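Residue-level structural notes
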Number of protein chains: 2
Amino acid sequence: MRITSTSLKECEDLLRRVSIGRIACSLNDQPYVVPISFAYEAACLYFFSTAGKKIDCMRRNPRVCVQADEIVSPNHWTSVLVNGTFVELQEPQYTEQKEHARQLLSQTAQWWLTPLAERREHTGDLAIEPLFFRVDVVSMTGLRTVSEP
Amino acid sequence: MRITSTSLKECEDLLRRVSIGRIACSLNDQPYVVPISFAYEAACLYFFSTAGKKIDCMRRNPRVCVQADEIVSPNHWTSVLVNGTFVELQEPQYTEQKEHARQLLSQTAQWWLTPLAERREHTGDLAIEPLFFRVDVVSMTGLRTVSEP
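**Digging into the side chain of Glu12 of chain B**
Its place among the elements puts Glu12 of chain B in helix H1 (residues 8-17). Filtering out sequence-adjacent residues up to four positions away, Glu12 of chain B remains in contact with Tyr40, Ala43 and Met140 of chain B.

**Here we look at the packing of aromatic side chains**
All names here are of chain A. Enumeration according to the criterion identifies 8 aromatic pairs over all chains in this entry. Pairing Phe48 with Phe132 gives two aromatic rings, centres 5.5 Å apart and planes at 50°, and the pair type is tilted. Within this pair, whereas Phe48 is found in strand E4 (residues 44-49), its partner Phe132 is found in strand E7 (residues 131-146), the two being separated by 84 residues in sequence. Residue classification places Phe132 among the buried residues on the basis of a relative accessible area of 1%. Between the aromatic rings of Phe86 and Phe133, the centroid separation amounts to 5.2 Å while the plane-to-plane angle is 50°, which identifies the pairing as tilted. Here Phe86, found in strand E6 (residues 76-88), pairs with Phe133, found in strand E7; they are 47 residues apart in sequence, far enough to count as distant. There is no split in this pair, since Phe86 and Phe133 are both buried. Chaining the aromatic ring pairs together yields one cluster made of Phe38, Phe47, Phe86 and Phe133.

**Describing the environment of Arg22 of chain B**
Counting through the fold element by element, Arg22 of chain B comes out in strand E2 (residues 20-27). Spatially, the C-alpha atom of Arg22 of chain B lies 14 Å from that of Ile55 of chain B, the residues being 33 residues apart in sequence. Side chain to side chain, Arg22 of chain B and Gln67 of chain A meet in a polar contact 3.2 Å long.

**Let's talk about the pattern of salt bridges**
In total, this model carries 19 salt bridges over all chains according to the counting rule given. A salt bridge links Arg22 of chain B to Asp69 of chain A; its shortest N-O distance comes to 2.5 Å. Linking Arg22 of chain B in strand E2 with Asp69 of chain A in strand E5 (residues 63-73), this pair reaches from one chain into another. Bridged by salt links that share partners, the residues Lys9, Glu12, Asp13 and Arg16 of chain A form one connected network.

**Focus on helix H3 (residues 95-105) of chain A**
Residues and elements named next belong to chain A. Every buried residue of H3 is accounted for by Lys98, Ala101, Leu104 and Leu105. Around the axis of H3, the buried residues are gathered within 125° of arc, so they sit on the same side. Summarising the contacts, the buried residues of H3 are in contact with strand E3 (30-41), E4 and E7.

**Focus on the nonpolar core**
One finds Leu15 and Ile23 of chain A together with Leu15 and Ile23 of chain B to be the most contacted residues of the largest nonpolar core, which totals 60 residues. Residues contacting Leu15 of chain A, with those up to four places away along its chain left out, are Phe38, Tyr40, Leu45, Ala68, Val80, Val82 and Met140 of chain A. Core analysis: the next-biggest nonpolar cluster, separate from the first, contains 11 residues, Ala39, Cys44, Val87 and Leu105 of chain B among them.

**Quick look at the confidence of the model for chain A**
All names here are of chain A. Here chain A averages 88 in pLDDT, and 85% of its residues register 70 or above. The secondary structure element of chain A with the lowest average pLDDT is helix H4 (residues 113-123), at 57, and the one with the highest is helix H1 (residues 8-17), at 97. This complex was scored by the predictor with a pTM of 0.89 and an ipTM of 0.88.

**Description of the state of the cysteines**
Simply put, the disulfide is a covalent bond whose two ends are the sulfur atoms of two cysteines. Residue and element names in this part refer to chain A. In the structure shown here, the tally under the stated rule is 0 disulfides over all chains. Unpaired in terms of disulfides, Cys44 finds its nearest cysteine sulfur in Cys11, a separation of 16 Å. There is no disulfide at Cys57, and the cysteine sulfur nearest it, in Cys25, is 3.2 Å away.

**Describing the pairing of E6 of chain A**
All names here are of chain A. Of all 13 residues that make up E6, 11 are buried, and the element is covered over most of its length. By the bridge criterion, 10 bridges tie E5 to E6 in an arrangement that is antiparallel. What sits directly across from Val64, in E6, is Gly84. The pairing of E6 with E7 spans 11 bridges and is classified as antiparallel. Looking across to E7, one finds that Val82 is bridged to Met140.

Parameters at a glance
- Residues numbered from 1 in each chain as written.
- Chains lettered and ligands numbered in written order.
- Predicted model: local features only at pLDDT ≥ 70, side-chain atom pairs only at ≥ 80, totals over all residues.
- Heavy atoms only, no water.
- Helix = DSSP H or I, 4+ residues; strand = E, 2+ residues; numbered from the N terminus.
- Contact = heavy atoms within 4.5 Å.
- Phe/Tyr/Trp six-rings, centres within 6.5 Å; stacked < 30°, edge-to-face > 60°.
- Buried < 20%, exposed > 50% of the residue type's maximum accessible area, 1.4 Å probe, protein only.
- Polar contact = N/O pair within 3.5 Å; in protein donor to acceptor, adjacent residues only side chain to side chain.
- Salt bridge = Lys/Arg side-chain N within 4 Å of Asp/Glu carboxyl O.
- Arc of directions from axis to C-beta.
- Core = buried A, V, L, I, M, F, W, Y, C linked by side-chain atoms within 4.5 Å.
- pLDDT = per-residue confidence, 0-100.
- Disulfide = S-S within 2.5 Å.
- Pairing = 2+ DSSP bridges.

Here it is as structure tokens:
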């Protein structure tokens with residue numbers, strides 16, 4: 001099996017096709033990684049979350065790493081890695097961007113239930129406010145397998 | 001959908017069933033996350049790699065976070081998070097542990113090809129030495145969906 005780097009276009013195409021990735025953040029060099037749904041558009045990744053550990057972490061250190069992949073089999077996969085910067089889409093500064101994120105993410109609507117359900121389980125609070133954030137892409141690289149004849 | 005914490009036994013059972021996870025490390029608070037195959041046994045995760053960015057990072061900061069999951073559907077999944085400490089299985093100190101890791105990981109043998117193939121692609125070197133390392137579990141938590149009648 002041979003592995004090669006993907007082009008920027010291949011990276012972007014994958015990020016448009018898949019809607020679940022893993023986001024890693026770090027505080028005082030303690031890394032933290034969780035699965036998360038996202039939407040990609042024009043060098044930005046958009047996310048939905050509720051308050052909690054990853055948001056606390058990214059508010060204090062906005063440098064994040066996002067990984068997404070398509071694994072068809074051990075010999076047939078593509079993986080993309082994004083280094084980027086966390087930007088919380090708070091009102092009033094980001095009212096329009098927040099609405100845009102909401103619309104983009106509504107296309108993977110089932111996954112919205114997850115963080116809300118989790119937070120409600122922990123807090124018993126039915127009025128939890130969803131948070132939206134963006135990751136501005138600083139660099140993007142990918143690897144993929146090459147099928148050989 | 002309801003989400004609940006998993007027991008330690010459920011976390012361990014998942015880590016024994018799955019063989020691919022994501023490992024996050026961090027250097028100077030720049031996180032880095034990549035997919036990786038592993039084997040779990042007795043509060044340790046065992047890994048195979050080649051030299052490269054993640055190994056450089058973990059040698060300098062041994063605090064890592066490993067995430068693994070089983071996603072059947074958006075409403076049916078379990079995710080486990082491990083905080084742990086990187087220990088490189090170098091000889092002669094860890095000769096026996098390294099052999100043990102090799103044996104455990106050989107059960108997911110196809111995945112071994114991946115890092116070797118990648119490094120060869122980059123370096124043209126056919127004599128790359130595989131590296132083995134262990135992550136000693138410091139804490140382990142999990143979440144899973146609860147099916148409701």
